[in-house]
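So you can see what is in the structure, the chains are spelled out below.
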Amino acid sequence: MDPEALAAQRAAFTGFGRSGSRSPGGYAQMVRARDGWLALSLPRPSDIETLPALVGAAVPAGDWTGIESRIASMTAADVVQQGSELGLAVAAIGATPAPQQPWSVRCERPARPRRGQASVVVDLTGLWAGPLAGGLLAEAGCRVLKVESGSRPDGARRGPAGFFELLNRKKRHLSMDLPEPEALDRLRELIAEADLVLEASRPRVMQQWGISPAEVVAAGTTWVSITGHGRNGRHANRIAFGDDAAASGGLVMPGEPPMFVGDAIADPIAGLAAASVAAHTLAEGRAALVDVSLAGASAWVRAHAAVPIDRPVIENDGCWQVELTDGPVAVAPPAVSDRITTRPKAAK
């Protein structure tokens, strides 16, 4: 397994590249608050429409200059709080403290006896982090069943088909009419037969479905939950995407403004962490309630970096390059961040 290649998988299919203070995918932007920098992700049209409510002013949603000016008058904490209440993915740079490990484990107990040689995994996740974890477990020999809602299938299906196939090619697939009562009854049966469940929704979703991860663990099945900012505490139901979560964990190139260091980099980091802890619990015969947060895993990686991120990009005779240990490496010219007008740049 090549972690660096995994971290760049989506960019390999999309052709995404560096865009400075704009994320490679084009949906996140560094924004200056009164007391520091924020990363604001706006991947959905409804996010753009919510911007006037975020700044508390009758500024047209498409007037990014006006929105940016209003944010500059607010504290970072106020922007994050207001954005979280509105369902926006926004985070202050470096706000997430580094945990001792890139996951937390609770409610440990012996796993129920395995019914076959291969572990059975129910994968309820979408997009990148969870499907990557499930894909790695499938590559390792687990029987992974990917469950999708017929009305809300995995959002990664809207992206490059090759990327979706890469993450999910070794899984069985099942579409269900979630959250219809009959479908939920069938889902509970699948969970009861599983050795491990992968899930990446906010905690309130399972509460609404009447499924208790703690009860699943008490019955001997591991539950690995991938969240934006953790399952517990005041950030439990806070939304996050890979770009803003990485910034919250401090994974940015410092500067004025800070720059994104990769394409939604918190997603593959959290996916690798989830696969690692899942494999350990299965191998050791333990059941546990595991929380892998995008922001927390990013903060852990940042804290364990060998050296600070300090590799400036320089221009040399019209060519741009970055100085690495083994010498200079040519890179694409830095792009000037476009102003958001009606919505951020669409993915290629």
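Residues numbered from 1 in each chain as written. Predicted model: local features only at pLDDT ≥ 70, side-chain atom pairs only at ≥ 80, totals over all residues. Heavy atoms only, no water.

(A) The sheet that holds strand 5 (residues 120-123), seen in detail. One open sheet accounts for seven strands, arranged 4-12-9-8-5-6-7; its pairing is mixed. Looking at strand neighbours, the two that pair on one side only are strand 4 (104-110) and strand 7 (172-176), the edges of this open sheet. Strand-to-strand, the axes of this sheet are offset by a mean angle of 15°, without reference to chain direction. As paired strands, strand 5 and strand 8 (residues 196-199) are joined by three bridges and run parallel to one another. Bridge assignment links Val-121 to a residue of strand 8, and that residue is Leu-196. Contacts from helix 13 (residues 266-284) reach strand 4, strand 8, strand 9 (222-227) and strand 12 (286-293) within the one sheet, and its direction differs from that of strand 12 by about 170°. Each of strand 9 and strand 12 touches helix 14 (residues 294-303); the most contacted strand, strand 12, lies at about 80° to it. (Pairing = 2+ DSSP bridges. Helix = DSSP H or I, 4+ residues; strand = E, 2+ residues; numbered from the N terminus. Axes fitted to C-alpha atoms, helices over the stretch in contact; angles between N-to-C directions. Contact = heavy atoms within 4.5 Å.)

(B) Main features of the nonpolar core. Grouped together as the largest cluster of nonpolar side chains are 38 residues, with contacts concentrated most on Val-121, Leu-137, Leu-196, Leu-198, Val-224, Val-292 and Leu-294. Elements with a minimum of two residues in this core: helix 7 (129-139), helix 8 (161-168), strand 8, strand 9, helix 12 (242-248), helix 13, strand 12 and helix 14. Sorting elements by how many residues they give to this core places helix 13 first, with nine residues. Residue contacts for Leu-294: discarding those within four places in its chain leaves Ala-129, Ile-226, Thr-227, Gly-228, Ala-240, Phe-241, Gly-242, Ala-245, Ala-266, Asp-267 and Ala-270. If you look at the next biggest cluster of nonpolar residues, it comprises 22 residues, including Ala-183, Leu-184, Val-216 and Leu-289. (Core = buried A, V, L, I, M, F, W, Y, C linked by side-chain atoms within 4.5 Å. Buried < 20%, exposed > 50% of the residue type's maximum accessible area, 1.4 Å probe, protein only.)

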